[in-house]
Amino acid sequence: VDVGAAPGGWTFELARRGIRVAAVDPAELRDDVAKHPLVTHFRQKVEDFSCSHELGGLVCDINSAPSTLLEILEPLIRKL
């Protein structure tokens, strides 16, 4: 999962290396990133994103205080 994915730099680099990426960001991804077959874009805030299975990894590129990020990301961190 790539949180704060737009415009897609980290998402693209992960997908380019063969990793399936759930890109979570309400903003648009670059066109080449959005069209990559290993990328699924969830146009929503991370607070509204959920998944029911264990995660293989978590990348976060949100510019915020660490304590705020830990609070926001806790449900996803628990799935690692």
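Going by the structure above, here's the rest.
Now for the overall build of the chain. The helix and strand inventory of the chain stands at three helices and four strands. Reading the helices (α) and strands (β) of the chain from amino to carboxyl end gives β-α-β-α-β-β-α. The C-alpha atoms of the chain give 12 Å as radius of gyration, which agrees with the globular expectation for 80 residues (12 Å, within 12%). Overall size of the chain, expressed as C-alpha extent along the three principal axes, is 30 × 25 × 20 Å. A total of 80 residues make up the chain; the buried ones form 32% of that total. Across the chain, every contact between residues at least 6 apart in sequence was considered, and the portion connecting residues at least 24 apart equals 34%.

This part is about the pattern of salt bridges. Enumeration over the complete set of coordinates arrives at five salt bridges. A salt bridge links arginine 17 to glutamate 13; its shortest N-O distance comes to 2.6 Å. On the basis of relative accessible area, arginine 17 is assigned to the exposed category, the value being 54%. Note that glutamate 74 is salt-bridged to arginine 78, the shortest N-O span being 2.5 Å. Exposure remark for arginine 78: the relative accessible area of 65% places this residue in the exposed category. One continuous salt-bridge network, built from bridges that share partners, spans Glu13, Arg16 and Arg17.

Criteria and thresholds
Residues numbered from 1 in each chain as written. Predicted model: local features only at pLDDT ≥ 70, side-chain atom pairs only at ≥ 80, totals over all residues. Heavy atoms only, no water. Helix = DSSP H or I, 4+ residues; strand = E, 2+ residues; numbered from the N terminus. Rg over C-alpha atoms; globule rule 2.2 N^0.38 Å. Buried < 20%, exposed > 50% of the residue type's maximum accessible area, 1.4 Å probe, protein only. Contact = heavy atoms within 4.5 Å. Salt bridge = Lys/Arg side-chain N within 4 Å of Asp/Glu carboxyl O.

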